Amino acid sequence: MSNTTPAKPAVKKSSGLVNKTLHFLVHNGFAFTVSVMCLVHSILLAIFLFAGVMPLVQINAFSVLVYIFAFFLCKFGYIRAVYFSIILEVTFYTIISTYYVGLRCGTYCFLFSIVPIIIYFGAFLYKGAKRWSIVLMLALNFLTFIALYIRYAPIEPVYDLPPVTRLVLVCVSAFAMVFSTIFYNTIYIYTTEREMGDLEKRNQQLSSDAHEDALTNLLNRRGFLPLVQEMMDDHTQDFCIAFCDLDNFKRVNDTYGHEGGDEVLKHVTNLIRKELPGCAICRWGGEEFVILMRGYNMITAKEKMEDLRKHIESNPTIFFNKRIPITSTIGLEEYKAVFNEPEEIIKVADARMYYGKQHGRNILIFEDLD
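What counts, and where the lines are drawn
Residues numbered from 1 in each chain as written. Predicted model: local features only at pLDDT ≥ 70, side-chain atom pairs only at ≥ 80, totals over all residues. Heavy atoms only, no water. Helix = DSSP H or I, 4+ residues; strand = E, 2+ residues; numbered from the N terminus. Rg over C-alpha atoms; globule rule 2.2 N^0.38 Å. Buried < 20%, exposed > 50% of the residue type's maximum accessible area, 1.4 Å probe, protein only. Lys, Arg positive; Asp, Glu negative; His and termini not counted. Charge placed at Lys NZ, Arg CZ, Asp CG, Glu CD. Contact = heavy atoms within 4.5 Å. Patch = residues over 30% accessible without salt bridge, like charges linked within 9 Å, V, L, I, M, F, W, Y side chains within 5 Å. Areas by Shrake-Rupley, 256 points an atom, 1.4 Å probe, with all protein chains shown as cover. Salt bridge = Lys/Arg side-chain N within 4 Å of Asp/Glu carboxyl O. Pairing = 2+ DSSP bridges. Expected span 1.5 Å × (residues − 1). Phe/Tyr/Trp six-rings, centres within 6.5 Å; stacked < 30°, edge-to-face > 60°. Lys NZ or Arg CZ within 6 Å of the ring centre and 35° of its normal. 1 Å grid on protein atoms, 1.4 Å probe; cavity = no way out; pocket = protein on both sides within 12 Å on 5 of 7 lines; lining within 4 Å. Points joined across faces, edges and corners; volume = space filled by probe spheres on them. Nonpolar A, V, L, I, M, F, W, Y, C, P; charged D, E, K, R; others polar.

Attention now moves to the overall build of the protein chain. For the protein chain, the count of helices and strands is twelve helices and seven strands. In terms of overall dimensions, the protein chain is more spread out than a globule: its C-alpha atoms have a radius of gyration of 36 Å, far above the 21 Å expected for 370 residues. In the protein chain, buried positions account for 41% of the 370 residues. Averaging the positions of the 35 positive and the 36 negative side-chain charges in the protein chain gives two centres separated by 12 Å.

Here's what the structure looks like:
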C-alpha cells in the first residue's frame with residue numbers, strides 16, 4: 001500500500017511565498033508603484049504611436065523619463081518627492097490626454113487610479129493634523145475630474161480615434177484604476193493585519209511581563225495573588241502555602257557576584273518546578289519563593305516540602321565549574337476558613353519561615369512554636 005503525501009505542506013509553502021511577496025511589496029511600495037506607472041506609460045506610448053497621436057507620444061515619453069528618475073529617487077530615499085511626482089504627473093497627463101483624445105477614451109480613469117496611492121502613501125508620509133492635506137489632495141483630484149468633464153464633454157477632441165483604439169485605451173485606463181484599487185487595498189489589509197498581530201503579541205508580552213518575574217519566568221505577586229484568591233473562593237479543595245527563603249543568599253552574591261546569584265535563583269527555580277509539578281510558584285522578592293500547593297493538606301504538604309528542602313540542599317548550583325551550595329528555610333501553612341485575604345495565609349507562612357531563620361536555618365516550620 002502506498003502512502004500519499006498530505007497537501008498541507010504545499011499550502012503552507014504557498015502561503016509563505018504570498019507573505020514574502022506582500023512583505024517585499026510593502027517595503028518597496030514606492031519603487032513598485034513607479035515601475036508599474038512606467039510600464040503603463042510605455043504601453044500608452046506604443047498605442048498612441050500606432051494611432052499617430054504624436055503629442056501624446058511625446059507626453060508619454062516624458063512620463064516614462066519622469067518615472068525612471070522617480071525610481072532612482074526611491075533608491076536614495078526621496079519619498080516625498082516621488083509622492084508628489086506621481087500625483088502631478090498623473091494629473092498633468094490626464095488633462096493633456098483628455099484635451100487631445102477626449103473623455104470617451106477613458107484617460108480620466110487615471111485620476112481615480114491615484115486615489116488609493118494618495119491615501120495609502122499619504123498616511124505613511126503625514127502624521128497628525130498634517131493628514132488633512134490628504135483630504136485636500138483628494139478634493140483637488142475630484143475637482144479636476146469635474147472640471148475636465150464640464151470643459152470637454154460638449155466638444156470634439158483634437159484627435160478622433162477609431163473605436164478599436166478608443167476601446168483599447170479605455171481598457172488600459174480601467175485596468176490601471178482597478179489594479180490600483182485592488183493592489184493598494186491588499187497591501188493596506190496585509191499591513192493592518194501584521195500590525196494588529198504584532199500589537200496583540202506585544203500586549204500578550206506586556207501582560208506576561210506584568211505577571212511574571214523576568215529572571216526566573218515565575219509568577220510575581222501580581223500574577224500569584226489572584227490564584228490564591230481563586231482557591232480561597234473555591235472552598236472545594238485543600239491547599240497549602242509554602243514560603244521558601246534561600247539561606248545566606250547575600251554571601252552567595254558577595255562571593256560569586258550577582259551573575260552567580262542569578263544562576264542560583266534559576267537553578268532553585270528548576271528544582272522547585274521538578275519537585276512540585278502542578279503547583280503555582282511565585283518569586284516573592286529577592287531570594288524568596290511562595291508556593292501554592294493545590295490539593296495538598298498539611299500532612300502531604302509537610303512531606304513534599306521536606307523533600308524539596310533536602311533536594312535543594314543536596315543539589316548545588318554549578319557556576320563556571322564551581323559548586324555553589326545553598327540551603328533553604330521554609331514556612332508552611334494550610335488554608336483555613338479564618339483567612340479572608342491571600343496575604344493573611346502568606347503572612348503566617350512567612351512568619352514561620354522567619355522563625356526558622358532565627359533558629360538555625362535549613363529547616364521546615366509547619367506550626368507556631370512560640
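If you trace the backbone, Asp 160 turns up in the loop between α7 (132-152) and α8 (163-211). Note on Asp 160: relative accessible area 58%, which makes it exposed. With 58 residues separating them along the chain, Asp 160 and Gly 102 place their C-alpha atoms 8.2 Å apart. When near neighbours in sequence (up to four residues on either side) are disregarded, Asp 160 contacts Arg 104 and Arg 166.

What follows concerns a nonpolar patch on the surface. On the surface, a cluster of nonpolar side chains totalling about 590 Å² of accessible area is made up of Leu 136, Leu 140, Phe 142, Leu 143, Ile 146 and Ile 150. When you line up the elements, Leu 140 lands in helix α7. Residue classification places Leu 140 among the partly exposed positions, given a relative accessible area of 47%.

This paragraph deals with the pairing of strand β1 (residues 239-246). The buried count for β1 comes to eight of eight residues, which makes it a mostly enclosed element. Sheet analysis places β1 next to strand β3 (residues 288-294), joined by seven bridges and oriented antiparallel. What sits directly across from Asp 245, in β3, is Glu 288. Pairing analysis gives seven bridges linking β1 to strand β6 (residues 328-334), with the strands arranged antiparallel. Across the sheet, residue Cys 244 finds its bridge partner in β6, namely Ile 330.

This part takes up helix α12 (residues 342-358). The end-to-end C-alpha distance of α12 is 25 Å, a good match for the 24 Å that 17 residues give at a rise of 1.5 Å each. Regarding α12, the residues found buried are Pro 342, Ile 345, Ile 346, Ala 349, Arg 352, Met 353, Tyr 355, Gly 356 and Lys 357. Downstream of α12 by one or two residues, Gly 360 has phi in the positive range, about 110°.

All right, on to the packing of aromatic side chains then. On inspection of all chains with the given rule, the structure shows 24 aromatic pairs. Ring geometry for Phe 183 versus Tyr 184: centroids 4.8 Å apart, planes at 80°, classification edge-to-face. Exposure class is identical for Phe 183 and Tyr 184. Each is buried. Taken together, the ring pairs connect Phe 30, Phe 32, Tyr 120, Phe 121, Phe 124, Phe 175, Phe 179, Phe 183 and Tyr 184 into an aromatic cluster. Just above the ring of Tyr 126 sits the side chain of Arg 80; from NZ or CZ to the centre is 5.0 Å.

The next thing to look at is the layout of surface pockets. The space that makes up the largest pocket amounts to roughly 660 Å³. Tyr 120, Phe 121, Ala 123, Phe 124 and Thr 191 are the residues nearest the centre of the largest pocket, which is lined by 23 residues in total. Elements with a contribution of two residues or more to the lining of the largest pocket: α1 (8-27), α2 (29-51), α3 (54-75), α6 (115-125) and α8. A per-class count over the lining of the largest pocket returns 13 nonpolar, six polar and four charged. Estimates place the volume of the second largest pocket at around 240 Å³. Along the wall of the second largest pocket there are 15 residues; nearest its centre are Val 36, Val 40, Phe 175, Ala 176 and Phe 179. Elements with a contribution of two residues or more to the lining of the second largest pocket: α2, α5 (109-113) and α8. Among the residues forming the lining of the second largest pocket, the class breakdown is twelve nonpolar, three polar and no charged.

Don't take any of this as a statement about function, it's just geometry.
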